[in-house]
Amino acid sequence: MHYFYCALAGFLAGTVAGLFGAGGGMVLVPLLSLLVKLPEDEIFPASVTIIAPICVVCLCMAEPGSIPSWKEILPYLIGSCIGGVATGLVGDRIPTVWLHRILGAFILWGGFRYLC
């Protein structure tokens, strides 16, 4: 694995996450496949592992008054933890090609919503 491509993928994911507040994984998943040449079954776990610290850095860089209170974000945290555990239990049963298609559909849907 060439460290330059790893750093480039991380830089681009961090840049997208910093600019748009989300979407770093949207960029990172294809880059891990194209630049870093990770095996298909390692791309999504690697992406989550890389995005987590990017999110923490972006949160630290946010304006202090713009961060919601714990009371406001707690329902999202609970839901995302339950979703993460559920997906972790059944995610390896979903073929990688379908994971790519689902991600692509979400990207297209999100792009369409931003354009309209």
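As a reminder, the structure under discussion sits directly above these lines.
Enquirer: Honestly, the overall build of the protein chain in this entry has me stumped. Any pointers?
Expert: When helices and strands are counted, the protein chain shows five helices and zero strands. N-terminal to C-terminal, the α/β element order of the protein chain is α-α-α-α-α. Expressed along its principal axes, the backbone C-alpha trace of the protein chain runs to roughly 40 × 35 × 30 Å. Residues counted as buried form 16% of the 116 residues belonging to the protein chain. Long-range pairs, those at least 24 residues apart, make up 43% of the contacts in the protein chain between residues at least 6 apart in sequence. With the model as given, the accessible surface of the protein chain reaches about 8800 Å², and the carbon-plus-sulfur share is 74%. Here the protein chain contributes 5 positively and 6 negatively charged side chains, and the mean placements of these two sets differ by 8 Å.

Enquirer: Is there a simple way to explain the nonpolar core in this structure?
Expert: If you look at soluble globular proteins, the nonpolar side chains tend to sit buried side by side. Within the largest apolar cluster, 13 residues are counted, with the highest numbers of intra-cluster contacts made by Leu28, Leu32 and Leu38. With sequence-adjacent residues up to four places away left out, Leu32 is seen in contact with Lys37, Leu38, Ile43, Ala46, Ser47 and Ile50.

Enquirer: What should I look at first to understand a nonpolar patch on the surface in this one?
Expert: Together, Ile94, Val97, Trp98, Ile102, Phe106 and Trp109 make up an exposed nonpolar region whose accessible area comes to about 610 Å². Examined against the element boundaries, Val97 turns out to sit in helix α5 (residues 96-115).

Enquirer: Can you help me understand the environment of Asp92 in this one?
Expert: As for its placement among the helices and strands, Asp92 is situated in the loop between α4 (70-90) and α5. Considered as a pair, Asp92 and Asp41 are 51 residues apart in the sequence and their alpha carbons are 8.5 Å apart.

Enquirer: What is the right way to look at helix α2 (residues 24-34) in this model?
Expert: Two residues of an α-helix separated by three or four positions point the same way, owing to the 3.6 residues in each turn. Among all positions in α2, only Gly24, Gly25, Leu28, Val29, Leu31 and Leu32 are buried. Each element contacted by the buried residues of α2 is listed here: α1 (3-20), α3 (40-61) and α5.

Enquirer: What am I meant to see in the environment of Leu32 here?
Expert: Note on placement: Leu32 falls in helix α2. A residue is classified by how much of its surface remains accessible, and Leu32, at 4% relative accessible area, is buried.

Enquirer: Just to check I follow, could you spell out the packing of α1 against α2 for this structure?
Expert: If you want to describe how two helices pack, look at the angle between their axes and the distance between the axes. Look at α1 against α2: their axes get within 7 Å of each other, and the N-to-C directions meet at 160°. What the angle tells us is that α1 and α2 run roughly antiparallel. In this structure, the crossing between α1 and α2 has a hand that is right-handed. Listed contacts from α2 to Ala9, Gly10, Leu12, Ala13, Val16 and Ala17 of α1 are Gly24, Val27, Leu28 and Leu31.

Enquirer: I would appreciate a short explanation of the packing of aromatic side chains in the present structure.
Expert: Two aromatic rings, taken as a pair, are described by how far apart their centres are and by the angle between their planes. For the structure on display, the rule yields two aromatic pairs. Both rings, one in Phe4 and one in Tyr5, keep their centres 5.6 Å apart while their planes meet at 65°; by these two values the pair is edge-to-face. Given a relative accessible area of 35%, Tyr5 falls into the partly exposed group. Measuring from centroid to centroid gives 6.4 Å for Phe106 and Trp109, while their planes differ by 70°, and the two rings are edge-to-face. On the criterion of helical spacing, the pair formed by Phe106 and Trp109 is a turn pair, its members being three residues apart in helix α5. The ring of Trp98 has Arg101 lying over it, and the distance from NZ or CZ to the ring centre is 4.9 Å.

Cut-offs used in this document
- Residues numbered from 1 in each chain as written.
- Predicted model: local features only at pLDDT ≥ 70, side-chain atom pairs only at ≥ 80, totals over all residues.
- Heavy atoms only, no water.
- Helix = DSSP H or I, 4+ residues; strand = E, 2+ residues; numbered from the N terminus.
- Buried < 20%, exposed > 50% of the residue type's maximum accessible area, 1.4 Å probe, protein only.
- Contact = heavy atoms within 4.5 Å.
- Areas by Shrake-Rupley, 256 points an atom, 1.4 Å probe, with all protein chains shown as cover.
- Lys, Arg positive; Asp, Glu negative; His and termini not counted.
- Charge placed at Lys NZ, Arg CZ, Asp CG, Glu CD.
- Core = buried A, V, L, I, M, F, W, Y, C linked by side-chain atoms within 4.5 Å.
- Patch = residues over 30% accessible without salt bridge, like charges linked within 9 Å, V, L, I, M, F, W, Y side chains within 5 Å.
- Salt bridge = Lys/Arg side-chain N within 4 Å of Asp/Glu carboxyl O.
- Axes fitted to C-alpha atoms, helices over the stretch in contact; angles between N-to-C directions.
- Parallel < 35°, antiparallel > 145°, perpendicular 65-115°, else oblique.
- Left-handed = near helix turned anticlockwise from the far one by under 90°.
- Phe/Tyr/Trp six-rings, centres within 6.5 Å; stacked < 30°, edge-to-face > 60°.
- Lys NZ or Arg CZ within 6 Å of the ring centre and 35° of its normal.

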